[in-house]
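# Tertiary structure, described
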Amino acid sequence: MAHDEREQYLIRYAGDFAPFVVAKAEGSWVHTTDGQRILDFTSGQISSTLGHNHPRVVEAVQRSLRDVIHLNSWMVNEDVLGLAERLARLLPEPLVRSMLLNVGSETNEVAIRLAKSYTGRFEMVGLTRSFHGLLAGTNSLTFSMGHSGYGPLVPGSFAIPAPHQYRCPIRHCLNACDTVCLDVGFETVDQASVGSLAAMMVEPVLSTGGIIPLPDGYLQAAKTKCDERGMLLIVDEAQTGFGRVGSMFAFEQDGVVPDILTVSKTLGGGVPLGATITSAEIEDRAHANGFLHLTTHVSDPMPAAAGLAVLDVIEEEGLVERAKAMGEYLFDQLHTMQETHEEVGDVRGRGLLVGIELVTDRDSKTPATALGAAVTAECLALGLSMNIVKGDGRTSNCLRMAPPLSVTHDEVDLAVEILDRALTNCKAAVESGS
Ligand SMILES: Cc1ncc(COP(=O)(O)O)c(C=O)c1O
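First things first, this report covers the structure right here in the doc.

The rules behind these values
Residues numbered from 1 in each chain as written. Predicted model: local features only at pLDDT ≥ 70, side-chain atom pairs only at ≥ 80, totals over all residues. Heavy atoms only, no water. Helix = DSSP H or I, 4+ residues; strand = E, 2+ residues; numbered from the N terminus. Buried < 20%, exposed > 50% of the residue type's maximum accessible area, 1.4 Å probe, protein only. Pairing = 2+ DSSP bridges. Axes fitted to C-alpha atoms, helices over the stretch in contact; angles between N-to-C directions. Patch = residues over 30% accessible without salt bridge, like charges linked within 9 Å, V, L, I, M, F, W, Y side chains within 5 Å. Areas by Shrake-Rupley, 256 points an atom, 1.4 Å probe, with all protein chains shown as cover. Salt bridge = Lys/Arg side-chain N within 4 Å of Asp/Glu carboxyl O. Contact = heavy atoms within 4.5 Å. Phe/Tyr/Trp six-rings, centres within 6.5 Å; stacked < 30°, edge-to-face > 60°.

Here the focus is unusual backbone geometry. Glu93 connects to Pro94 through a cis peptide bond whose omega is 0°. Counting through the fold element by element, Pro94 comes out in the loop between helix H4 (78-90) and strand S4 (95-101). We note that Thr179 has phi near 65°; this positive angle belongs to a residue other than glycine. Positionally, Thr179 belongs in the loop between strand S6 (157-160) and helix H7 (180-192). Overall, Thr179 belongs to the buried group, its relative accessible area being 15%. Positive phi, normally seen in glycine, also occurs at Ser299, with a value near 55°. The class of Ser299 is buried, set by a relative accessible area of 13%.

This part covers the sheet that holds strand S13 (residues 344-350). Strand-to-strand pairing in sheets goes through backbone hydrogen bonds, with the strands running parallel or antiparallel. With antiparallel pairing, the four strands of this open sheet are ordered in space as S13-S14-S17-S16. One side of each edge strand has no neighbouring strand; the edge strands of this open sheet are S13 and strand S16 (387-390). On average, each strand axis in the sheet is inclined to that of its neighbour by 30°, with strand direction left out of account. Relative to strand S17 (residues 396-401), S16 runs antiparallel, the two sharing four bridges. In the strand pairing of S17, Ile388 is matched with Leu399.

Moving on: a nonpolar patch on the surface. A surface patch of nonpolar side chains, amounting to about 400 Å² of accessible area, comprises Trp74, Leu292 and Leu294. The topology assignment puts Leu292 in the loop between helix H10 (280-288) and helix H11 (301-316). For Leu292, a relative accessible area of 55% corresponds to the exposed category.

The next thing to look at is the pairing of strand S3 (residues 37-40). Here three bridges tie strand S2 (residues 29-32) to S3, and the two strands are oriented antiparallel to one another. Residue Val30 lies in a different strand from S3, and its bridge partner there is Ile38. What sits between the antiparallel neighbours S2 and S3 is a turn of four residues, in which Gly35 has the positive phi angle 90°. Both S3 and strand S15 (residues 384-385) contribute to a ladder of two bridges, which runs parallel. When the bridges of S15 are listed, Asp40 appears paired with Ser385.

Here we come to the pattern of salt bridges. Within this structure, the stated rule accounts for 22 salt bridges. Salt bridges linked by common partners bring Arg167, Asp346, Arg348 and Glu357 together as one network.

Let us look at the sheet that holds strand S5 (residues 123-127). Reading across the sheet, the seven strands line up as S4-S12-S11-S10-S7-S5-S6 and stay open at both edges, with mixed pairing between neighbours. One side of each edge strand has no neighbouring strand; the edge strands of this open sheet are S4 and S6. Recorded for the sheet is a direction-independent mean angle of 20° between the axes of neighbouring strands. Pairing of strand S10 (residues 232-236) with strand S11 (residues 260-263) involves three bridges; the strand directions are parallel. Bridging across to S11, Ile234 finds its partner in Ile260. Along the sheet face, H10 touches S4, S10 and strand S12 (274-279) and points at about 95° away from the line of S12.

Another aspect to go through is the packing of aromatic side chains. Throughout the structure, instances matching the rule amount to three aromatic pairs. For the ring pair Phe242 and Phe249, a centre distance of 5.1 Å and an interplane angle of 65° mean the geometry is edge-to-face. By relative accessible area, which is 0% here, Phe249 ends up buried. Between the aromatic rings of Phe249 and Phe251, the centroid separation amounts to 5.6 Å while the plane-to-plane angle is 15°, which identifies the pairing as stacked. Overall, Phe251 belongs to the buried group, its relative accessible area being 1%. Following the ring pairs from residue to residue traces out a cluster consisting of Phe242, Phe249 and Phe251.

Printed below as a string of structure tokens:
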């Protein structure tokens, strides 16, 4: 399909489409209709953690296509029950009850509704630079983008400063967060609140907001703030769940069990599957209060079958340990590359969720926005796909690498080599004014 046909028939939902059409995707690679082979360091939309079209996911979907694809929302099959039970066994007490959905924003909408239903309150707290989705409730807790031009947020939506060791939001500390921003944030919320605080929602690594891992102790301190106010803590592991950060779930690294956990992208292996998971106590009370949330594809068998296959493969192929080891390898390669590029201001992240923030120089930390855009385009032209996100919270200057957990050493080497070349080419172009 020609470029102009896309613009004729598709709504441009987030700027321009990539400058090619895809024929096929397999493992860490995407193949285009004009014969290019592109190393996909975005895992699709951070979802194909087993690599594209993993044969076990394909097999599970094929089985489901034969047996049952979709059901009435009140009927469940064995795969749905099996996946819910498997999640309960994977997660610590008391996270035992799941609702199986499709996309991340839905899982977070359900988490918000559960928190409201359980507490009988409506106010929600999120972090600046967060991304939880662009549906009405989640967009009101997404502070990295998507507000301007879309009218009022849901009443009772509050933002507190996202902790960021490279760029402290309250200009207070440097390279080591002492969580004073959390204290200041909650003091502000307490004064703005009408006394109806229901929950706080956080990502363990703010990904779209600039690959910002919550500093040590932050999630624990946030849980205490919530407990003190009778609020629930909702942890959104859309990107971090199921191995990406080198543990099965990111919250395990923080020693905190959330009241409600949401998972999505990484659970389906590329198939739309997400889950909102909570305790029996919360679910029982919400149910008694008449909790209602329905979608057409809730508890659908086909994505559940894919989810079971994903969990099997993660276990059998040791992908959690692999993500940890390959993440360390990727960090080492990037740190070596950083030595030759002053513009690589910061390399950060956890496991295989890595941010490379580009600055004009390391002292001023001025975002190198034009360079970021040029490097992203040059990498794609050289055969490496990466996203660019907002490093300084305003402009896009942070490259994001999130390859499949099955990525090989050779693929990491190739990605870093392409990035190195792209940086060199683009700096030369910027310096010569071309
Ligand atoms: C942390 C997080 N939560 C929620 C979402 C929304 O998920 P979806 O786009 O599947 O609705 C995203 C999407 O990027 C995300 O990164």
